[in-house]
Amino acid sequence: MSTQPLDAPAPSGVPALPTLPALPVVPALPEQRRIKLGGTTREEVLTMLGAGVGSLALDWLLYERVLPFSGALGFLLCWYALFLGLYTLAGRLQWDALTVRERLATAVAWSSGLLLFAVILEQIGFVALHGLAAARHANFFTETMRTTAPLSPITSGGCLHAVVGSLEQLGLATLFSVPLGILTAVFLVEAGATRRGARLVKPVRVLVEAMTALPSIVAGLFVLGVVILTLGAEKSGFAASLALTVMMTPIVTRAAEVVVRIVPGTLKEASYALGASQWRTVWHVVLPTARPGLTTAVVLGMARGVGETSPVLLTAGFTTRLNLDPLHGNQASLPLFIWNYVKQPYPEMVARAFAGGLTLMLVVLVLFVTARVLGRPRTAADRPTRRPLRPARTTPADRPARRSATSRPALARTATAAAPHPAPAVENR
């Protein structure tokens, strides 16, 4: 079999194939350069460093050589203002106005966060540095101050009674304030949605806002005048927990109201459509959905109450003994322990006070982590899986009967499906 090239002329008598038009030449695309979104560039870092060093040098020149100013706080504030000014000028020389504003806002946000973080570290370091002399001894956490004198060595005495008192008072205050605050928040959200309930919501909201700005000493005076002086109750941990309840309830209410209000309305509408009542919807839909936020509200309230000193000073009294009964007798707490010993002129007592402050930080940290772990939202992996039901065990004597009993309906269905359908009868008229 002979072959011919494609461009060879066609033989005589055979029509020639049509000629295809030439394809246009597509120019090569330029090499694409990957654009990095977000992050920081080398120019931005160098500009920021240059503005920081230049502002520091200019601030030192103004404070030390030109202006009659002094003080570390003023020096730092002036340095920060000069840094923002120089960073804006240096950025305007190389970027447009929109980029300068964006990066200036980024610098302000980052510097504010770093400043806050530095202040927290400074406070923790200051307390730890002054209280480490007492906190490094195990007796500080296992003993009380019952047999410790002002000139006793640092290896004597501890804050066990204050830790127990703080935990009991905070526990009772949380037990009183959290249900009351959450119920008030639900009332403000649910009753405020109706026209009739809006009249009752307004005075409650005004009262909650007024209690939020209430000084802690007023709460202590209120419990002192009503519970102790009027009703004749003695100073105890229970009275202190009532004063802490007055301080914690508005904080829990305000935070819980915000969380309950942002629950999607479609969930409540679906519950109403299924026939659930309003309180059943709140209990089974609203509160489980808002549980992580409600945990944050509880943590905020506990953080407000655990560090209060003046209400506890007026209502709980002070003692150096361990009192496990919050209903009778004076009971110490960590804030009161710190306030009582930090003002004494003995270095060992001051060290014990700072160690008590460090212990208070640790207690707050433990409570915060525990509340966050208990209040985290449950995922599908955390839910228990239900095992499928296993069929009942059968004996060899039951198997044929079971097979026959189960096979007969199947055979009947098979026979019915395989049987031909009768043709419809035609009526002859």
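(A) Broad picture of the overall build of the protein chain. Along its length, the protein chain carries 15 helices and zero strands. Counting all 429 residues of the protein chain, 31% fall into the buried class. Across the protein chain, every contact between residues at least 6 apart in sequence was considered, and the portion connecting residues at least 24 apart equals 68%. Accessible surface, the protein chain: about 29,400 Å² in total, of which carbon and sulfur atoms supply 67%.

(B) Here's a closer look at empty space enclosed by the protein. Considering all chains together, one arrives at one cavity of 30 Å³ or more under this definition. Quantified by volume, the largest cavity comes out at close to 60 Å³. Together, Ser166, Gln169, Leu170, Leu244, Gly305, Val306, Glu308, Val312, Ser333 and Pro335 line the largest cavity. If you list the elements that add at least two residues to the lining of the largest cavity, you get α5 (160-190) and α11 (291-306). The leading source of residues in the lining of the largest cavity is α5, at three residues. Classifying every residue of the lining of the largest cavity gives five nonpolar, four polar and one charged.

(C) Fine view of a nonpolar patch on the surface. Taken together, the side chains of Leu58, Trp60, Leu61, Val66, Leu67 and Phe69 present a nonpolar region at the surface, about 540 Å² in accessible area. By relative accessible area, which is 47% here, Phe69 ends up partly exposed.

(D) The nonpolar core, seen in detail. Within the largest apolar cluster, 47 residues are counted, with the highest numbers of intra-cluster contacts made by Cys159, Ile182, Leu294, Leu334 and Phe337. Broken down by secondary-structure element, the contributors of at least two residues to this core are α3 (97-135), α5, α8 (237-261), α10 (278-289), α11, α13 (334-342) and α14 (347-375). A per-element tally of this core places α5 first, with nine residues. Apart from residues lying up to four places away in sequence, Leu294 is in contact with Ile182, Ala256, Val259, Val260 and Leu287.

(E) Local environment of the environment of His130. Structurally, His130 is set in helix α3. Not counting chain neighbours up to four residues away, the residues in contact with His130 comprise Ala351 and Phe354.

(F) Focus on the packing of α5 against helix α6 (residues 198-212). Interaxial distance between α5 and α6 falls to 10 Å at its minimum, and their mutual angle equals 140°. What the angle tells us is that α5 and α6 run oblique. You can see that α5 and α6 cross each other, and the crossing is left-handed. Where α5 approaches α6, its residues Thr184, Phe187 and Leu188 are matched on the opposing element by Leu200, Val201, Val204, Arg205 and Val208. Of the residues that constitute the contact of α5 with α6, the class distribution is six nonpolar, one polar and one charged.

(G) Fine view of the pattern of salt bridges. This model, assessed by the stated rule, comprises five salt bridges. The residue Arg103 makes a salt bridge to Glu44 at a minimum N-O spacing of 3.8 Å. Placement of Arg103 in helix α3 and of Glu44 in helix α1 (residues 42-66) is noted, with a sequence separation of 59 residues between them. A residue is classified by how much of its surface remains accessible, and Glu44, at 8% relative accessible area, is buried. Salt bridges here are not isolated pairs; linked through shared partners, they connect Arg205, Glu257 and Arg261.

(H) Looking closely at the side chain of Ser271. Tracing the backbone through its elements, the reader meets Ser271 in helix α9 (residues 265-273). Setting aside its immediate chain neighbours within four residues, Ser271 contacts Ala276, Thr281 and Val285.

(I) Fine view of α3. With 39 residues, α3 extends 54 Å from end C-alpha to end C-alpha; this agrees with the ideal 57 Å at 1.5 Å per step. Where α3 bends most, at Leu129, the angle is about 40°. Of the residues making up α3, those classed as buried are Thr99, Val100, Ala107, Ser111, Val127, Gly131, Ala134 and Ala135.

(J) Highlighting the layout of surface pockets. Considering only enclosed or pocket space, the second largest pocket measures out at about 480 Å³ in volume. In this structure, the second largest pocket is lined by 19 residues; those nearest its centre are Ile182, Trp283, Leu287, Arg291 and Leu294. Elements that contribute at least two residues to the lining of the second largest pocket include exactly α5, α10, α11 and α14. Each residue belonging to the lining of the second largest pocket can be placed in one class, and the counts come to 15 nonpolar, three polar and one charged.

(K) A look at helix α7 (residues 216-230). Taking 1.5 Å per residue as the helical rise, α7 with its 15 residues ought to reach 21 Å, and the 20 Å between its terminal C-alpha atoms agrees with that figure. Along α7, the sharpest kink reaches roughly 30°, centred on Leu224. Ser216, Ala219, Gly220, Val223, Leu224, Val227 and Ile228 are the residues of α7 that are buried. Once α7 ends, the next one or two residues include Gly232, with phi positive near 80°.

(L) Structural view of the environment of Gly225. By the secondary structure assignment, Gly225 is in helix α7. By relative accessible area, which is 23% here, Gly225 ends up partly exposed. Counting along the chain gives 90 residues from Gly225 to Thr315, while the straight-line C-alpha distance between them is 9.8 Å.

(M) Examining the packing of aromatic side chains more closely. As enumerated under the stated definition, the model contains eight aromatic pairs in all. Relative to Tyr87, the ring of Phe83 lies with its centre 5.9 Å away and its plane at 20°, an arrangement referred to as stacked. Of this pair, Phe83 and Tyr87 both sit in helix α2 (residues 72-92), four residues apart, roughly one helical turn. The pair formed by Phe83 and Tyr87 is uniform in burial state, with each residue classed as buried. Measuring from centroid to centroid gives 6.1 Å for Phe318 and Tyr341, while their planes differ by 75°, and the two rings are edge-to-face. Of this pair, Phe318 sits in the loop between α12 (310-315) and α13 while Tyr341 sits in helix α13, and the two are 23 residues apart along the sequence. Overall, the relative accessible area of 4% leaves Tyr341 in the buried class.

Definitions and cut-offs
Residues numbered from 1 in each chain as written. Predicted model: local features only at pLDDT ≥ 70, side-chain atom pairs only at ≥ 80, totals over all residues. Heavy atoms only, no water. Helix = DSSP H or I, 4+ residues; strand = E, 2+ residues; numbered from the N terminus. Buried < 20%, exposed > 50% of the residue type's maximum accessible area, 1.4 Å probe, protein only. Contact = heavy atoms within 4.5 Å. Areas by Shrake-Rupley, 256 points an atom, 1.4 Å probe, with all protein chains shown as cover. 1 Å grid on protein atoms, 1.4 Å probe; cavity = no way out; pocket = protein on both sides within 12 Å on 5 of 7 lines; lining within 4 Å. Points joined across faces, edges and corners; volume = space filled by probe spheres on them. Nonpolar A, V, L, I, M, F, W, Y, C, P; charged D, E, K, R; others polar. Patch = residues over 30% accessible without salt bridge, like charges linked within 9 Å, V, L, I, M, F, W, Y side chains within 5 Å. Salt bridge = Lys/Arg side-chain N within 4 Å of Asp/Glu carboxyl O. Core = buried A, V, L, I, M, F, W, Y, C linked by side-chain atoms within 4.5 Å. Axes fitted to C-alpha atoms, helices over the stretch in contact; angles between N-to-C directions. Parallel < 35°, antiparallel > 145°, perpendicular 65-115°, else oblique. Left-handed = near helix turned anticlockwise from the far one by under 90°. Expected span 1.5 Å × (residues − 1). Bend = angle between axes of the 7 residues up to and from the residue. Phe/Tyr/Trp six-rings, centres within 6.5 Å; stacked < 30°, edge-to-face > 60°.

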